[in-house]
Amino acid sequence: MRRGAGARFFGSYVNKIDAKGRLATPAAFRRALDLATENVIYCLPSTNEPCLECGGADYIDYLLSMIEDLDPYSEKRIALERAMATQMSPISTDTEGRINLPEELRKHAQLNGQALFAGHIRSFQIWNPELFTAPLDEAKKIASEAKRSLRNPAQNGGAE
């Protein structure tokens, strides 16, 4: 499995949240995060869905690099920086990869007893499993149409 900037998150997993708010991170995601090097998962409440957007330090670097491409005084850049800086939670993992989600994050994602970890390629999301069905169905509909516009990179002069 690739780690660091090349880490990829695939699949979906449902895990229980215990009475103290602890939650086990799926083994495949722990390997991608390389928690032995840095035992932190960064979680940010989504700005448009009832879920948490999460990843490792490489994901944060990726987000920041996109934001830094914006004009330093643009309204969009200021808003993105403010939202990220004030809402991002670095959450330590224990030796078994468990995290303790703060109450405000559990509340945002409407988590109550179970959490669905959904791979999002460069990152992953944490959802209430009951709330994930509709967004996944919508994504499948959009993806069905979107895949028709995909082109083989080798045919467009891209390197294989």
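Residues numbered from 1 in each chain as written. Predicted model: local features only at pLDDT ≥ 70, side-chain atom pairs only at ≥ 80, totals over all residues. Heavy atoms only, no water.

**Some words on the overall build of the protein**
Worth spelling out the cut-off: For the purposes of this entry, the term helix denotes a DSSP run of H or I that reaches at least four residues, the term strand denotes a run of E that reaches at least two, and both are numbered from the N terminus. Here's how the labels work: a residue is buried when its accessible area is under 20% of the maximum for its type, exposed when over 50%, partly exposed in between, all with a 1.4 Å probe on protein chains only. Throughout, a residue-residue contact means that at least one pair of heavy atoms, one from each residue, lies within 4.5 Å. Exposure was quantified through the Shrake-Rupley algorithm and a 1.4 Å probe, taking into account, for residues, occlusion by the shown protein chains and nothing else. In this tally, Lys and Arg are treated as positive and Asp and Glu as negative; His is ignored, and so are the chain termini. All charge positions are set by atom: Lys at NZ, Arg at CZ, Asp at CG, Glu at CD.
Helix and strand counts for the protein come out as five helices and eight strands. Scanning the protein from its N terminus toward the C terminus, one meets helices and strands in the order β-β-α-β-β-α-α-β-β-α-β-β-α. If you line up the protein on its principal axes, its C-alpha atoms span 55 × 40 × 30 Å. Considering the protein as a whole, with its 160 residues, one finds that 35% of them fall into the buried category. Within the protein, residue pairs in contact and separated by at least 24 positions form 60% of the contacts whose partners lie at least 6 positions apart. Split by element, the accessible area of the protein, about 10000 Å² in all, is 52% carbon and sulfur. Across the protein, the mean location of the 20 positive side-chain charges is 6 Å away from that of the 21 negative side-chain charges.

**Looking at the environment of Met 66**
Mapped onto the secondary structure, Met 66 falls in helix H2 (residues 57–68). Overall, Met 66 belongs to the partly exposed group, its relative accessible area being 39%. For Met 66 and Arg 77, which are 11 residues apart along the polypeptide, the C-alpha to C-alpha distance reads 9.6 Å.

**Here's the deal with the sheet that holds strand S5 (residues 89–92)**
Here is the rule we go by: One requirement defines pairing of two strands: DSSP has to find at least two bridges between them. A fitted line through C-alpha atoms represents every axis, and for helices the fit uses only the stretch in contact; the resulting angles, taken between N-to-C directions, go from 0 to 180 degrees.
The six strands lie next to each other as S1-S7-S8-S4-S3-S5, forming an open sheet whose pairing is antiparallel. Every other strand in the sheet has two partners, leaving strand S1 (12–16) and S5 as the edge strands with one partner each. This sheet shows a mean twist of 30 degrees between the axes of neighbouring strands, independent of strand direction. With respect to the sheet, helix H3 (residues 75–87) is in contact with strand S3 (40–45) and S5, its orientation differing from that of S3 by roughly 125 degrees. Contacting S1, strand S7 (114–119) and strand S8 (124–127), helix H5 (residues 129–146) crosses the sheet at an angle of about 30 degrees to S7.

**Remarks on H5**
Filter applied, for reference: In this scheme, a helix's expected span is set at 1.5 Å multiplied by one less than its residue total. Distance and chemistry together define a polar contact, namely a pair of N or O atoms within 3.5 Å, with one atom able to donate a hydrogen and the other to accept it when in protein, and with adjacent residues in sequence counting only for side-chain atoms on both sides.
With 18 residues, H5 should reach 26 Å at 1.5 Å per residue; the first-to-last C-alpha distance of 25 Å fits that figure. Sitting at the head of H5, Asn 128 places a side-chain oxygen 2.8 Å from the backbone nitrogen of Glu 130.

**Observations concerning the layout of surface pockets**
Stated precisely, the cut-off is as follows: Two kinds of site are reported from a 1 Å grid over the protein atoms alone, namely cavities, where a 1.4 Å probe fits but cannot get out, and pockets, open sets with protein on both sides within 12 Å along at least five of seven lines, and residues are called lining when an atom falls within 4 Å of a point. Grid points are joined across faces, edges and corners, and a volume is the space filled by probe spheres set on the points. Each residue is assigned to one class: nonpolar for Ala, Val, Leu, Ile, Met, Phe, Trp, Tyr, Cys and Pro, charged for Asp, Glu, Lys and Arg, and polar for all the others, Gly among them.
In this structure, the largest pocket spans a volume of roughly 220 Å³. Among the elements of the structure, S3, H2 and H3 are those that each provide at least two residues to the lining of the largest pocket. The dominant element in the lining of the largest pocket, judged by the number of residues it contributes, is H2, at four residues. Broken down by class, the residue content of the lining of the largest pocket amounts to nine nonpolar, two polar and one charged. Where the lining of the second largest pocket is concerned, the elements lending two or more residues are S7, S8 and H5. Among the elements that line the lining of the second largest pocket, the one with the most residues is H5, at four residues. Of the residues in the lining of the second largest pocket, the class split is six nonpolar, three polar and one charged.

**Focus: the pattern of salt bridges**
So the rule is basically this: Salt bridges are counted wherever a side-chain nitrogen of Lys or Arg sits within 4 Å of a carboxyl oxygen of Asp or Glu.
This structure, assessed with the given rule, holds six salt bridges. Residue Arg 77 is joined to Glu 81 by a salt bridge in which the shortest nitrogen-to-oxygen separation is 2.9 Å. Here Glu 81 and Arg 77 lie together in helix H3, a separation of four residues that amounts to about one turn.

**Quick look at the confidence of the model for the protein**
For the record, the criterion: A residue's pLDDT is simply how confident the predictor is in it, with values from 0 to 100.
Averaged over every residue, the pLDDT of the protein is 89; the share at 70 or more is 92%. Across residues 1–5, confidence stays below pLDDT 50; counting only partners more than four residues off in sequence or on other chains, it has 14 contacts.

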